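Observations on chain architecture
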Amino acid sequence: MRRTSASLVAGALVAALAWASGPSSPAVALDPSVGVADLTQDLNQILSDSRLTIARAGVVVKSAQTGEELYATDAGKLLLPASNTKLFTAAAAAETLGLDYRFPTTVLNTGRKAGSVLAGDLVLRGTGDPTMLAADYDALAAEVAAAGVKVVTGKLVADDTWFDTQRLGNDWAWDDETAYYAAPISALTASPDRDYDAGSVIVAVAADGDEVKVSTTPETDYLKIVNRATVGAETDVLIERQHGTRTVVITGTVADPYQEWVAVDDPTAYVSALFRKALAGHGVKVLGPTVAGAAPAGAKELARHESMTLGELLVPFMKLSNNIHAEILTKAMGRKVANQGTWSAGLKVSTDFARANGVQVINMRDGSGLSRRDGFSPGSIVQLLSAVRGKPWFTTWYESLPIAGNADRFTGGTLRSRMRDTPAANNVHAKTGSLTGVTALSGYVTSADGEPLIFSIMLNQYLSASPKDIEDKIAIRLAQFSRTAAAGDAAAQLRAADPGAAGDLECSWLKPAQC
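Described below are features of the structure shown in this document. (Residues numbered from 1 in each chain as written. Predicted model: local features only at pLDDT ≥ 70, side-chain atom pairs only at ≥ 80, totals over all residues. Heavy atoms only, no water.)

**Some details on helix 6 (residues 310-319)**
Formally: Buried means the residue's accessible area, taken with a 1.4 Å probe over protein chains only, is under 20% of the maximum for its type, while exposed means over 50%, and partly exposed covers the values in between. Numbered from the N terminus, helices here are DSSP runs of H or I no shorter than four residues, and strands are runs of E no shorter than two.
Of all ten residues in helix 6, nine are buried; the element is thus mostly enclosed. Remark: serine 321 follows helix 6 within two positions and exhibits a positive phi of approximately 55°.

Below is the structure:
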């Protein structure tokens, strides 16, 4: 994980502790009649943007200090949340699993060991760890070899039964099936790098003389590469896995190196291939085939790897808006509460948690917001954001949110390029959300008076350029909000200003270092 300066960490901790304090301890004396009228006028003006003429816009702003609703439009309307759904998933996971929760991955044996020969099967059992790297499977293989096993007479069994066999989420689009952000969900999976994009492989191309060379991270022969690309004057290349297959077809021209994150078709089979290769590399020969199945009762543990804690995982999950983490956590919650690693069981945990905390208008179809049948109201999101402030895990959860204008990737996250050099920079902690025709931003901001505010902005069904800059203008205006002074010319200047590079999509959708 990236390191930040001691002063930044200290400042962030102070801010988080301040946000975690309840509304019974006001920091300033408040006069509700001052400033709110100016705020209402300015937000109405920002939302009068022509791009929203035929769109739907729901916005709610609330004082975390007094509970007063400072602004609301279409507060109760059901809107598409996109990745704002992760606010609910992350909160329910922190409550249900706990910040110390870890995913174990184990290797078991089912037979008897005689010398260096294991007479029986070798079982690789997973519980959904999205942080497993090829190196971690290699380390497990090294532990097996260190236990003195050289030959396994039986099969290599891949046990992914901690979760069910439904790999893709409800209502996910067919044309997303090969994309890394919609990778299949399995209790056995692997990530190619420390963004932990579980279930995907990085496929890279580079010009080498008059040929295009292809490589993968990690190195694997699981994928079948069909390379039809040629060296050209510019890089205009398509790297795409064919639906329902392991075949990746590469077409176009390559001048400069380029890489793409590609979802595998079957994470369990992919991990099995990685592990079998790692075993061979450590001198362990498995005579039988690779099969899928459950570890039998009485199987003995040979090796074990445990993930980082959930508290640590929240950082890449929320900062980078990782869809796969959301879905794995959803199934993990279902497994813990109902002993069912399914979407239906996990989503019930999330919705029960939300409703227990006063949230009413909510329809969850997945954990990430990739489904276009997810529905939340901005009022419900603000209610959740208000309720979790009193939770013992709130400080960790709050700090996992993207922070506006902070260039560090694991601090600013999907907001690192937005609202720079404004009062919102290093102030707004909020979750982004993006789908075609959908954008959302919900979270926390401290006003110019030091008053903590909670907000949710949901913009749906726009047809022209992305209105993310409208979200930014609202967030900046909230950072400027004062009950003790008139807005003056600052708000008028804001309405005409460009608050930064918002772009059409959040950074998590533009994987190759484009933002």
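Next comes the rest of the description.
**Thoughts on the packing of aromatic side chains**
To keep things clear, this is the line we draw: Only centres within 6.5 Å qualify two rings of Phe, Tyr or Trp (six-membered ring in Trp) as a pair; their planes then separate them into stacked at under 30 degrees, edge-to-face at over 60, and tilted for everything else.
Taken as a whole, this structure holds eleven aromatic pairs when the rule is applied. Measuring from centroid to centroid gives 4.5 Å for phenylalanine 88 and phenylalanine 376, while their planes differ by 35°, and the two rings are tilted. Of this pair, phenylalanine 88 sits in helix 3 (residues 85-96) while phenylalanine 376 is found in strand 20 (residues 375-376), placing the two residues 288 residues apart along the sequence. Comparing phenylalanine 88 with phenylalanine 376 shows no difference in burial state: the two are buried.

**Some details on the packing of helix 6 against helix 7 (residues 323-338)**
Stated precisely, the cut-off is as follows: Only the stretch in contact is used when fitting a helix axis, every axis being a line fitted to C-alpha atoms; angles between N-to-C directions are given from 0 to 180 degrees. Handedness of a crossing is defined here by the sense of rotation of the near helix relative to the far one, left-handed for an anticlockwise turn of less than a right angle and right-handed for a clockwise turn. Contact criterion: two residues are considered in contact whenever any of their non-hydrogen atoms come within 4.5 Å of each other.
Contact geometry for helix 6 and helix 7: axes closest at 9 Å, N-to-C directions at 145°. Seen from above, helix 6 lies across helix 7 with left-handed handedness. Note on element contacts: helix 7 touches helix 6 through His325, Ala326 and Leu329, opposite Leu310, Leu313, Pro316 and Phe317.

**Notes on the side chain of aspartate 469**
Our working rule: Between N or O atoms, a polar contact is any pair within 3.5 Å; within protein, one atom must be a potential hydrogen donor and the other a potential acceptor, and residues adjacent in sequence are included only when both atoms are from side chains.
Within the fold, aspartate 469 resides in helix 12 (residues 468-480). Side-chain polar atoms of aspartate 469 contact the side chain of arginine 51, separated by 2.8 Å.

**What about the pairing of strand 8 (residues 156-159)?**
Applied cut-off: A pair of strands is treated as paired once DSSP finds two or more bridges between them.
Alternating positions in strand 8 separate into two faces, Leu156 and Ala158 on one and Val157 and Asp159 on the other, with burial throughout. As paired elements, strand 6 (residues 122-125) and strand 8 share four bridges and run parallel to each other. Counted as the bridge partner of leucine 122 is leucine 156 from strand 8. Two elements, strand 8 and strand 17 (residues 290-292), share three bridges in a ladder whose sense is parallel. Its bridge partner being in strand 17, alanine 158 is matched across the sheet by alanine 292.

**As for the nonpolar core**
Going by this rule: Note on terminology: a nonpolar core comprises buried Ala, Val, Leu, Ile, Met, Phe, Trp, Tyr and Cys residues joined through side-chain atoms within 4.5 Å.
Core analysis: the biggest nonpolar cluster contains 68 residues, and Leu87, Phe88, Leu97, Leu310, Val388, Trp397 and Tyr444 have the highest contact counts within it. Element by element, the count of residues in this core is highest for helix 3, at seven residues. Each residue touching leucine 310, except ones within four places of it in the same chain, is listed here: Ala93, Ala94, Leu97, Gly98, Leu99, Tyr101 and Leu329. By size, the runner-up hydrophobic cluster in this structure holds 39 residues, among which are Val107, Val144, Leu156 and Val286.

**Describing the sheet that holds strand 22 (residues 438-446)**
The strands that make up a sheet pair up through hydrogen bonds in the backbone, lying either parallel or antiparallel. Taken together, the five strands give an open sheet; going across it, the order is 2-1-23-22-21, and neighbouring strands pair in antiparallel fashion. Of all the strands in the sheet, the pair left with one neighbour each is strand 2 (69-73) and strand 21 (429-435). With strand direction ignored, the average angle separating the axes of adjacent strands in the sheet is 5°. With four bridges joining them, strand 1 (residues 56-63) and strand 2 adopt antiparallel strand pairing. Considered in strand 2, the bridge of valine 61 is made with tyrosine 71. Sheet strands touched by helix 9 (residues 378-387): strand 1, strand 22 and strand 23 (452-460). Its angle to strand 23, the strand with the most contacts, is close to 150°.

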